[in-house]
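Chain and residue survey
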Amino acid sequence: MKLRICHLYPDLMNIYGDRGNIIALSRRAQWAGIEVEVVNVPLGASLDASACDIIFIGGGQDKEQALIAKDLQEVKGKAIIEAVQEGAALLAVCGGYQLLGKYFKTGADAVLPGIGLFDAWTVAGSKRCIGDVLVECDFTGERHTLVGFENHSGKTYLGESLKPLGKVLHGFGNNAEDGREGAIYKNAFGTYLHGSILPKNPWFTDHLIRVALQRRYGDQASLARVDTSFEDRAHQAVIARIRNRGKLDTGAI
Amino acid sequence: MELSRSSGCVAQESSESPSRPNTHVMVYLPPIGTHIAAWNSKTGLLPGSAGALRVSSVRLVAAIIAGKLVAFVSRHLNLGGGTTFPGQVTRRIDPRALEKMTARLEQGCIIVTGTNGKTTTTRMISNILRHAGFKPVHNRSGANLITGVTSAILNSSSLLGQPRGDVGLFEVDEANLPRTLAETHPKVVVINNLFRDQLDRYGEIDYVAGLWRGALQTLPPSACVVLNADDPLVASLGKSTRARVLYFGIEDERYGNQILEHAADSKSCVNCGARYVYDVAFYGHVGKYACPVCGEKRPLPNLYAAHLMLASTSGSELSLSTPDGPLEVKVSLPGLYNVYNTLAAAATGFALDIPVVAIKQGVDTFSAAFGRIERVAIGDKMVFLALVKNPVGFNEVLRTLFLDGLPKNLLILINDNIADGTDISWLWDVDFEALQGKVNSVVISGTRAEDMAVRLKYALVDTAAISLETDLDKALQAGLTNVGEGGTLYVLPTYTAMLEIRALMQKMGYVGKFWQD
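As the structure is a prediction and not an experimental result, all values here were calculated from the model. (Residues numbered from 1 in each chain as written. Chains lettered and ligands numbered in written order. Predicted model: local features only at pLDDT ≥ 70, side-chain atom pairs only at ≥ 80, totals over all residues. Heavy atoms only, no water.)

Residue and element names in this part refer to chain B. If you walk across this open sheet you meet the nine strands as β2-β3-β1-β4-β5-β6-β9-β10-β11, and the pairing is mixed. Single-partner strands in this sheet number two, and they are β2 (136-138) and β11 (325-331). The average angle at which neighbouring strand axes cross in this sheet is 20 degrees, direction not considered. Bridge count between strand β6 (residues 244-250) and strand β9 (residues 303-311): three bridges; the pairing is parallel. When the sheet's bridge partners are listed, Phe248 is paired in β9 with Leu303. Docked against the sheet, helix α8 (residues 146-155) engages β2 and β3 (167-171), running at close to 150 degrees with respect to β3. (Pairing = 2+ DSSP bridges. Helix = DSSP H or I, 4+ residues; strand = E, 2+ residues; numbered from the N terminus. Axes fitted to C-alpha atoms, helices over the stretch in contact; angles between N-to-C directions. Contact = heavy atoms within 4.5 Å.)

Following this line, the structure appears as structure tokens:
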């Protein structure tokens, strides 16, 4: 079996170790015996919706984000939406997540248009949300936790029908107001978590690989179990440090 | 952290005054009115109403006394914070204290900033200045916020605010450049590079570049700005100032690559946003670049390395081309990044019209700033200590360590305290893949040891060679045990981890307190 990972704007949207997510996806798929091809899709290049198994877009600086917003509108937006409609897996982190919503209002008169994959919108906030995050998720049917680090000032709000990625147990999440973090639409996931997010949350990495495999090779395609010992230790270490700071109710997890 | 806090406390004893008794507080205590008046006329400090001047001076003296008392108390009670707290107190009483004291430095001030290499560059400049006969007042401990700079000049000033030195030499934190320039009115500003570092503290690099651009716009034409021609964002700052600009860079291409490292940060043109094309990249985004769209390109350096020879961990030999002709120097610090620190220091010498011979002596006789690079003997083994604090710096350290191609034993210490940067996602931008098959053992410790272990696993470093040890003492012992007789343990700590491991080795009796170096 083979998977093609499309890394959008790898040179511009890579501000918080986003490469770690590509490394995690590639390695875990390879360790499970799956052949992996990573395709870098830079500014100006078109995207072949049917050829993408997993799409990734990371975070960027303001200057880069404006360039990307334009490119998404003019070059890649349609193909991204098409791929997700067809069941491709997608992970968008921070700045990438913001631009896949409807818009990002960056200032009094400045609005970056989004592609509306997620029924969500972002407005610039005055406070920067920085720190460790712990999120509880149940979208796989099982209860899992996600750990990561967030650093954003934009506040993202979800439309009525859009599901969040999970519930914030510690940290700020989408907007520091409603206790929700990220967004899920079909197999597309938006999140503010970096750190990088996937290496320390191998169950999530494996979930993205699994749904991509099943879309390409049918529902019976299965993913071999791959060791998670170092990853689990790092995951638990984040939970422990949050708990040690007394910032987590003992009953929370 | 107790240990490192107490060593932080003694750090403000700069080498300018290694054992100055603090009793001078009494000796100098002046009959305020008369002395200040006398001093005013002596230094010709200037007109305005005598009354206002006196109020201003009395305020400064009060601020200095308070600051020195705080320094005295914190030093003798080992309270820590001795490198910044006195400055904080002084500034509270007289917010213009730094400006007033630096105004009395005969030769003015030199300000050094940049992401990597501030401390090393500043110390090398200090060595050059000494060989040229100057007496620098220097924030040698590396406390580089405005309070640290104020503490440094406070520490070397009389109670009347007269510095015991003739030139101010201050490294300043990136975000503090505008304030420092506004208060010190420097003669020379040196900017070495701009990389992604502690984004959680500073925001994005474009934001920092914007701060610097605004600050340099305030300089008069009589000032000089020393800039790295090979760092696109830094070089572009030369267009935003009325001051004279002196560029430094590397011409010799033998250590360059054709492609940019992953950790490169400013790859898009400052003018038009197009991607730069690189003839050669030395490290990160530092190299010979040009914009294929608008024509923006690397300025020709006034001082450059025409030939250079790197020798693994021992140092480099450089043939420089300078405005005054060729100059051969030997640097005892390894790595390409220290070549840039040397070029920045030498260029500063030229900016100040220091004779070539003093520049050469200053560079040739220079030894490393504490902890950045340090070799310590422990029994029959060696510990090689190199600070790592961001992707570009870490890549350079790895590249330098493995220039000899031999496998090594490592101890990696990753903390995420505020001084390290609390966001450790940068570990994923370091090219640890270069370690595949090259490490015999890696012991990992620090507050983010688990993240580091995952990073190495995904870099395909043999997990059997990796061990985690929470306790620093045990981690060091484990690392040393991995090293054979006569071998070397390569210790790579982040900033606060470096303070901790140094404090530990100090407790074990292997290294001196850092103010002694």
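All names here are of chain B. Running from N to C, helix α17 (residues 472-482) and helix α18 (residues 495-507) point in directions that differ by 75 degrees, and their axes come no closer than 10 Å. One finds that α17 runs roughly perpendicular with respect to α18. Along the contact surface, α17 presents Leu472, Asp473 and Leu476, while α18 presents Glu500, Ile501, Leu504 and Met505. The residue makeup of the contact of α17 with α18, split by class, is five nonpolar, no polar and two charged. (Parallel < 35°, antiparallel > 145°, perpendicular 65-115°, else oblique. Nonpolar A, V, L, I, M, F, W, Y, C, P; charged D, E, K, R; others polar.)

A word on the packing of aromatic side chains. Enumeration over the complete set of coordinates arrives at 16 aromatic pairs over all chains. With 5.0 Å between their ring centres and 55 degrees between their planes, Trp31 of chain A and Tyr458 of chain B make a pair best called tilted. You can see Trp31 of chain A sitting in helix α1 (residues 19-31) and its partner Tyr458 of chain B sitting in helix α16 (residues 449-458), one on each of two chains. On the basis of relative accessibility, which here comes to 34%, the residue Trp31 of chain A falls in the partly exposed class. In this structure Tyr458 of chain B comes out as buried when scored by relative accessible area, which is 0%. (Phe/Tyr/Trp six-rings, centres within 6.5 Å; stacked < 30°, edge-to-face > 60°. Buried < 20%, exposed > 50% of the residue type's maximum accessible area, 1.4 Å probe, protein only.)

Regular strands place their side chains on alternate faces of the sheet. Residues and elements named next belong to chain B. Within strand β7 (residues 277-283), five of the seven residues are buried, which leaves the element mostly enclosed by the surrounding structure. Pairing of β7 with strand β8 (residues 286-290) involves five bridges; the strand directions are antiparallel. Residue pairing across strands places Val277 opposite Ala290, the latter belonging to β8. Between the end of β7 and the start of β8, which pair antiparallel, lie two residues, with Gly284 showing a positive phi angle near 50 degrees.

Ranked by internal contacts, the top residues of the largest apolar core, which has 155 residues, are Phe204 of chain A together with Ile110, Phe394, Phe432 and Leu456 of chain B. Per-element accounting of this core gives the leading share, eleven residues, to helix α13 (residues 336-351) of chain B. Taken domain by domain, this core gets at least three of its residues from each of domain 2 (98-364) and domain 3 (373-516) of chain B. When near neighbours in sequence (up to four residues on either side) are disregarded, Phe394 of chain B contacts Val388, Ile412, Ile414, Trp426, Val430, Phe432 and Leu492 of chain B. (Core = buried A, V, L, I, M, F, W, Y, C linked by side-chain atoms within 4.5 Å. Domains from an automatic or database assignment.)

Now for the pairing of strand β1 (residues 2-8) of chain A. All names here are of chain A. Burial analysis of β1 places five of its seven residues in the buried class, which makes it a mostly covered element. With seven bridges joining them, β1 and strand β2 (residues 35-41) adopt parallel strand pairing. The residue bridging Lys2 from the neighbouring strand is Glu35, located in β2. Handedness of the β-α-β unit built from β1, α1 and β2 comes out right-handed. The sheet contact formed by β1 and strand β3 (residues 54-57) spans four bridges and is parallel. Within β3, the residue paired with Cys6 across the bridge is Ile55. (Right-handed = clockwise from strand over helix to strand, strands pointing away.)

When the parts come together, some accessible area is lost, and that loss is often what is quoted as the size of the interface. If you look at the interface, chain B gives 35 residues, while chain A gives 36 residues. Interface area for chain B against chain A, summed over the two sides, is near 3,200 Å², with a carbon-plus-sulfur share of 50%. Where chain B meets chain A, there are seven salt bridges. Here Asp451 of chain B ties to Lys200 of chain A by a salt bridge, and the two come within 2.5 Å at their closest N and O atoms. At the boundary of chain B and chain A, one finds 13 residue pairs in polar contact (both at pLDDT 80 or more). (Buried area = accessible area lost by both parts, 1.4 Å probe. Salt bridge = Lys/Arg side-chain N within 4 Å of Asp/Glu carboxyl O. Polar contact = N/O pair within 3.5 Å; in protein donor to acceptor, adjacent residues only side chain to side chain.)

Moving on to the environment of Leu403 of chain B. All names here are of chain B. Secondary-structure assignment places Leu403 in the loop between α15 (391-401) and β14 (408-413). Judged by relative accessible area, Leu403 falls into the partly exposed class, the value being 40%. Between the C-alpha atoms of Leu403 and Gly335, which are 68 residues apart in sequence, the distance is 9.4 Å.

Our next topic: the sheet that holds β1 of chain A. Either a parallel or an antiparallel arrangement is found when strands of a sheet pair, and the pairing is made through backbone hydrogen bonds. Residue and element names in this part refer to chain A. What the six strands build is an open sheet, ordered β2-β1-β3-β4-β12-β11; its pairing is mixed. Each of the sheet's edge strands pairs with one partner strand only, and the pair in question is β2 and β11 (183-185). Averaged over all pairs of adjacent strands, the angle between their axes in this sheet comes to 15 degrees, without regard to strand direction. Relative to strand β12 (residues 188-191), strand β4 (residues 89-93) runs parallel, the two being bridged by four bridges.

Quick look at the pattern of salt bridges now. Applying the stated criterion across every chain, the model contains 39 salt bridges over all chains. For Asp132 of chain A, the salt bridge goes to Arg245 of chain A, with nearest N and O atoms at 2.9 Å. Note that Asp132 of chain A is positioned in strand β7 (residues 120-137) and Arg245 of chain A in the segment after α5 (229-244), a separation of 113 residues in sequence. Given a relative accessible area of 38%, Arg245 of chain A falls into the partly exposed group. For Asp404 of chain B, the salt bridge is made with Lys408 of chain B, and the minimal N-O distance between the two is 2.7 Å.

Right, let's talk about a nonpolar patch on the surface for a bit. Residues Phe72, Val73 and Leu77 of chain B make up a contiguous nonpolar surface patch of about 250 Å² in total accessible area. By the element assignment, Leu77 of chain B lies in the loop between α4 (50-76) and α5 (85-93). (Patch = residues over 30% accessible without salt bridge, like charges linked within 9 Å, V, L, I, M, F, W, Y side chains within 5 Å. Areas by Shrake-Rupley, 256 points an atom, 1.4 Å probe, with all protein chains shown as cover.)

Residue and element names in this part refer to chain B. Counting through the fold element by element, Val149 comes out in helix α8. A C-alpha to C-alpha distance of 9.6 Å links Val149 and Gly168, two positions 19 residues apart in sequence. Sequence-distant contacts of Val149, defined by excluding residues within four places in its chain, comprise Leu98, Asn139, Ala143, Phe170, Glu171 and Val172.

Residue and element names in this part refer to chain B. What helix α14 (residues 356-364) keeps buried is the set Ala358, Ile359, Gly362 and Val363. Looking straight down α14, one finds that the buried residues subtend no more than 130 degrees of arc, so they occupy a single side. On its buried side, α14 packs onto α7 (118-131), β11 and α13. (Arc of directions from axis to C-beta.)

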